[in-house]
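This is what each chain is made of:
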Amino acid sequence: MQKGGVIGEKIPTFLFKVVHFLRKCIFSVLSVGPIPEHIAFIMDGNRRYARLRNLKEGAGHDAGYFALMSMVIYCCELGIKYVTAYAFSIDNFKRGPEEVQYIMDLMMEKIEQMCQKDSIVNRYGVRIHFSGNLQLLSEPIRNATKKLMVVTANNSNVFLTLCVAYTSTDEIIHAIQKSCEEKWAENRESRFLYCGVINLVDIEKKMYMAIAPDPDIVVRTSGVNRLSNFLLWQSAGSYLFSTSALWQDFSFWHLVWVVMNFQRNQPRLEKKKKQL
């Protein structure tokens, strides 16, 4: 794959078919072991990528989009059903207004592209869902996210969740508030009949990420070893993988290595999950 493009867009058809065949062979070997159902990515390194290559401010985010689309295709070919990407944190709103506006404009541009009938997400059967406090986004972007979710609703090969205006603490507070409101409404409707206390299931049903199973793997790029307020509730039993590669440089071979390490650790992870 050439830098700055989705796989298959800038290479000759014959070469693309050869590369696709080789990937298929490698994935067939990997499929002998357990394949993760859900992999989540903390896409770190956008600004550093642009700085290292003397690109304009925000260019790293553009390249990051193409890296995400390529990774979704790899996951689709490997049989990974759920992919989640930390696209924009609530804390990112604290960045410079020009950078935030550039990211919002880019988000709108990419959403409009993905809404097209012949877009990469529709060609590969990718269903897209946006998770987070979407009320923090401008109305045009909120409407665009709703449109994309409707347009891709019938796709079923991969479920891609984009966490936008998201932090785990906000998600947990949201879930507790909604659970309290629902239980209070139940108690009021039943008058004197006691409806019980709020339990774990009530809270988990109100999570932004209730639409997907807990991730088997959480990948963080750019050599940083922290979750940065991402899926804190859901990642208690996940395999955490950190790599020094920037998100734009995270390749097919990185994914293969991640899955191989997951397979090697999977028995221990399953044992730990049963203890939770």
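Before any of the text, the structure's been laid out above.
Report follows, based on the coordinates. In this text the structure is predicted, and so the values were computed from the model without any measurement. Along each chain, residues carry numbers from 1 onward, in the same order as the chain's sequence is written. It should be noted that, the model being predicted, local features are given only for residues of pLDDT at least 70 and side-chain atom pairs only at 80 or more, the latter also being counted only at that level, while totals for whole chains, interfaces and linings use all residues. Side-chain metrics in this entry use all non-hydrogen atoms of the structure; hydrogen atoms and water are not considered.

1. Describing the nonpolar core
Here's step 1: Side-chain atoms within 4.5 Å are what join buried Ala, Val, Leu, Ile, Met, Phe, Trp, Tyr and Cys residues into a set we call a nonpolar core. Type-normalised accessible area, obtained with a 1.4 Å probe on protein chains alone, sets the label of each residue: buried when under 20%, exposed when over 50%, and partly exposed for intermediate values. Counting 58 residues, the largest nonpolar core has Ile 39, Phe 41, Val 83, Ile 128 and Phe 130 as the members making the most contacts within it.
Here's step 2: Of all the elements, helix 3 (residues 59-78) adds the most residues to this core, at 11 residues.
Here's step 3: Only heavy atoms matter for contacts: two residues are in contact if any of them lie within 4.5 Å across the pair. For Phe 130, the contacting residues outside a window of four places in its chain are Ile 111, Thr 145, Leu 148, Met 149, Leu 162 and Val 164.
Here's step 4: Counting 13 residues, the second largest nonpolar core, distinct from the first, contains Tyr 82, Tyr 166, Tyr 208 and Phe 230. Comment: elements are numbered from the N terminus, with helices defined as DSSP H or I runs of at least four residues and strands as E runs of at least two.

2. Let's talk about the pairing of strand 2 (residues 82-89)
Here's step 1: Buried residues dominate strand 2, accounting for 7 of its 8 residues.
Here's step 2: Sheet topology note: the strand 1 (residues 38-42)/strand 2 ladder contains 5 bridges and is parallel. Residue pairing in the sheet places Ile 39 in a bridge with Val 83 of strand 2.
Here's step 3: The rule for pairing is simple: two strands pair if DSSP sees at least two bridges between them. Looking at chain direction, strand 2 and strand 4 (residues 158-166) are connected through 7 bridges and run parallel. Directly across from Tyr 82, in strand 4, lies its bridge partner Phe 159.

3. Side note on the sheet that holds strand 2
Here's step 1: Across the sheet, which stays open at both edges, the 6 strands sit in the order 3-4-2-1-5-6 with parallel pairing between neighbours. At either margin of the open sheet sits one strand with a lone partner, and together these are strand 3 (126-131) and strand 6 (239-242). For this sheet the average axis-to-axis angle between neighbouring strands, irrespective of direction, equals 20 degrees. The angle between two axes is taken between their N-to-C directions and runs from 0 to 180 degrees, where each axis is a line fitted to C-alpha atoms and a helix contributes only its stretch in contact.

4. Concerning a positive patch on the surface
Here's step 1: Taken together, Arg 264, Arg 268, Lys 271 and Lys 272 make up a surface patch of like positive charges.
Here's step 2: Among the secondary structure elements, Arg 264 is positioned in helix 9 (residues 252-275). Excluding any residue in a salt bridge, patches collect residues exceeding 30% relative accessible area, merging like charges within 9 Å and nonpolar Val, Leu, Ile, Met, Phe, Trp and Tyr side chains within 5 Å. Shrake-Rupley sampling with a 1.4 Å probe provides the accessible areas, and residues are treated as covered by the protein chains on show and by no other component. A side-chain nitrogen of Lys or Arg and a carboxyl oxygen of Asp or Glu constitute a salt bridge if their distance falls within 4 Å. Note that His is not counted, nor are the chain ends; the positive residues are Lys and Arg, and the negative ones are Asp and Glu. Charge placement uses NZ in Lys and CZ in Arg. For Asp and Glu, CG and CD serve respectively.

5. A short note on the packing of aromatic side chains
Here's step 1: Between 30 and 60 degrees the pair is tilted, below 30 it is stacked and above 60 it is edge-to-face, where a pair is any two Phe, Tyr or Trp rings, Trp via its six-membered ring, whose centres lie within 6.5 Å. Applying the stated rule across the entire model yields 14 aromatic pairs.
Here's step 2: One aromatic cluster is present, formed by Phe 27, Tyr 74, Phe 252 and Trp 253 through successive ring pairs.

6. Observations concerning the packing of helix 3 against helix 4 (residues 97-114)
Here's step 1: For the pair helix 3 and helix 4, interaxial distance at closest approach is 10 Å and the crossing angle is 35 degrees. As helix 3 runs across helix 4, the sense of the crossing is right-handed. Of the residues in helix 4, those in contact with Ala 59, His 61, Asp 62, Tyr 65, Phe 66 and Met 69 of helix 3 are Glu 99, Tyr 102, Ile 103, Leu 106, Lys 110, Gln 113 and Met 114.
Here's step 2: Looking at the contact of helix 3 with helix 4 residue by residue, the class counts come to 8 nonpolar, 2 polar and 3 charged. When the near helix sits turned anticlockwise from the far one by under a right angle, the crossing is termed left-handed; a clockwise turn instead gives a right-handed crossing. In the scheme used here, Gly and all other residues not listed as nonpolar or charged are polar, with Ala, Val, Leu, Ile, Met, Phe, Trp, Tyr, Cys and Pro taken as nonpolar and Asp, Glu, Lys and Arg as charged.

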